[in-house]
Number of protein chains: 2
Amino acid sequence: MAPQSHLIPSRGAKRAHYDKEMIHSILDEALFCTISYVFENKPFSIPTAFVRRENKLYIHGSVGSHFIWELEKGVPVCISVMLVDALVVAKSAFSHSVNYRSVVLFSQGEKIEDPALKWNMLEWLTNKIVPNSWDYLRPMKENEVRKTTVLAFDIDEVSAKARTGMPNDEEEDKPLPVWSGIIPIETSRRDPVPDELSRNIPLPEHLMPGSK
Amino acid sequence: MAPQSHLIPSRGAKRAHYDKEMIHSILDEALFCTISYVFENKPFSIPTAFVRRENKLYIHGSVGSHFIWELEKGVPVCISVMLVDALVVAKSAFSHSVNYRSVVLFSQGEKIEDPALKWNMLEWLTNKIVPNSWDYLRPMKENEVRKTTVLAFDIDEVSAKARTGMPNDEEEDKPLPVWSGIIPIETSRRDPVPDELSRNIPLPEHLMPGSK
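Summary of the structure given here. (Residues numbered from 1 in each chain as written. Chains lettered and ligands numbered in written order. Predicted model: local features only at pLDDT ≥ 70, side-chain atom pairs only at ≥ 80, totals over all residues. Heavy atoms only, no water.)

### Brief notes about the state of the cysteines
Residues and elements named next belong to chain A. As a reminder of what qualifies: Only a pair of cysteine sulfur atoms within 2.5 Å qualifies as a disulfide here. We call a residue buried when its accessible area falls under 20% of the maximum for its residue type, exposed when it is over 50%, and partly exposed in between, using a 1.4 Å probe and counting protein chains only.
Applying the stated criterion to the full structure yields zero disulfides over all chains. Cys33 forms no disulfide, and the closest cysteine sulfur to it belongs to Cys78, at a distance of 10 Å. Look at Cys33 and you get buried, because its relative accessible area is 2%.

As structure tokens, then:
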């Protein structure tokens, strides 16, 4: 039952999508995902940053992290990502909804041992979260790569869901003099705030407001 | 191993909190959570809206939803919530971080049968997502309540984690002429956009920009 609700959606069938382009665009816009796994028959989940390249989703963590220890065993995971675009305000509470784009991925982690690929992943992730920043930063050190575990997840058993547009009020509610529409939700980056060490250091171009 | 990483944090111990006030404030600010559960030994997770009252977290869904059918059995769930406050930009990629507030809750669903409590929950949820809107909307109908399943989860086995403040660069990196600080992340509601049915209906006061 439940499994099919994700990959063979029932009620939400008209909102389900399987095309890679849409799935990749959601994964590339979202900075954080929630990774769920099973431990002693109980569910555990944790939010974490991630980056996609080709058909793989990558996360990283400390070699001392219990969460990473568990995932590097290759246990089954469910990774979910959600972007909220608008609150959908109908004339009845029952018809309220949310405009969103989400991805659910079933996979299992593969520990990346190749230092060059680990290095690349950390560059991809850093440049995803702060675009064009990697080349500006103090270069990564080999021991920092050694202290980091990188896991890759194949993006195969995956689906996206999305709702867009205006409310779908019941026919009998449509004539009511009750305001209906959407309230767009925007997630934005504010102006950078320097720490005490950086009061006299010019803001680099890639961090200037409007550069991203 | 993994379980303790949430309720008895190891590496992240200094970021863990158990006080109800902090946990409740995060749950009351976030509109969406991710609920994970186990089905045939595999993890499943789904994002959904929720509302907290006293020591319970409530979700709702269609009586026809496979996801809800599974959770109403009372299977163990892990509910996670994350609010992102800022990207923490250090002088090295390795010291980059995120300012966030998160909650992880272990619980199991209890199906609410009392129509009055279901009604209340739908009012709380509607007013959480669109403050002060319930009394303005077309009143809920009894058959709409019947078509909705409401589940309650006790908030007992729960912890919050948060990071605040500026980067923690390595001592040897502090003198570097590399900009460090934070990039605040803001999630905001934009001006409401009416649908075609509402072009001549005045925007109610509770939806006016600045009212929330």
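### What to know about the pattern of salt bridges
Condition: Any carboxyl oxygen of Asp or Glu within 4 Å of a side-chain nitrogen of Lys or Arg constitutes a salt bridge here. Comment: elements are numbered from the N terminus, with helices defined as DSSP H or I runs of at least four residues and strands as E runs of at least two.
Taken as a whole, this structure holds 24 salt bridges over all chains when the rule is applied. For Asp154 of chain A, the salt bridge is made with Lys56 of chain A, and the minimal N-O distance between the two is 2.7 Å. Of this pair, Asp154 of chain A sits in strand 8 (residues 148–154) while Lys56 of chain A is found in strand 5 (residues 56–62), placing the two residues 98 residues apart along the sequence. The partly exposed category is assigned to Lys56 of chain A, whose relative accessible area is 26%. In this structure, Lys73 of chain B and Glu70 of chain B form a salt bridge, with 2.9 Å as the shortest nitrogen-oxygen distance. Judged by relative accessible area, which is 59%, Lys73 of chain B ranks as exposed. If you follow the salt bridges from partner to partner, you end up with Glu29, Asp85 and Arg101 of chain A in one network.

### Considering the interface of chain A and chain B
The parts lose accessible area when they come together, and the size of an interface is often stated as this lost area. Our working definition: Two residues qualify as a contact provided that any one of their heavy atoms is within 4.5 Å of a heavy atom in the partner residue. Simply put, the buried area is the total loss of 1.4 Å probe accessible area from both parts when two parts are fitted together. The definition of a polar contact used here is a pair of N or O atoms within 3.5 Å, where within protein one atom must be able to donate a hydrogen and the other to accept one, and adjacent residues in sequence count solely through side-chain atom pairs. Amino acids are sorted into nonpolar (Ala, Val, Leu, Ile, Met, Phe, Trp, Tyr, Cys and Pro), charged (Asp, Glu, Lys and Arg) and polar (every other residue, Gly among them). When DSSP locates at least two bridges between a pair of strands, those strands are taken to pair.
Listed as interface residues are 90 residues of chain A and, on the opposing side, 89 residues of chain B. Buried area between chain A and chain B, both sides added, is near 7900 Å², and the carbon and sulfur share of it is 70%. Here chain A and chain B share six salt bridges between them. For Arg190 of chain B, the salt bridge identified is with Glu186 of chain A, shortest N-O distance 3.7 Å. Counting across the chain A and chain B interface gives 24 residue pairs in polar contact (both at pLDDT 80 or more). A per-element tally of the side of chain A that touches chain B places strand 10 (residues 181–189) of chain A first, with nine residues. Partitioned by chemical class, the residues of the side of chain A that touches chain B number 52 nonpolar, 21 polar and 17 charged. Relative to strand 10 (residues 181–189) of chain B, strand 10 of chain A runs antiparallel, the two sharing five bridges. If you follow Arg189 of chain A over to strand 10 of chain B, its bridge partner there is Ile185 of chain B.

### Let's talk about the side chain of His206 of chain B
Residue and element names in this part refer to chain B. Considering the arrangement of structural elements, one finds His206 in the segment after strand 11 (193–194). Since its relative accessible area comes to 15%, His206 is described here as buried. Excluding residues that lie within four positions of it along the chain, His206 makes contacts with Val130, Pro131, Asn132, Ser133, Tyr136 and Ser211.

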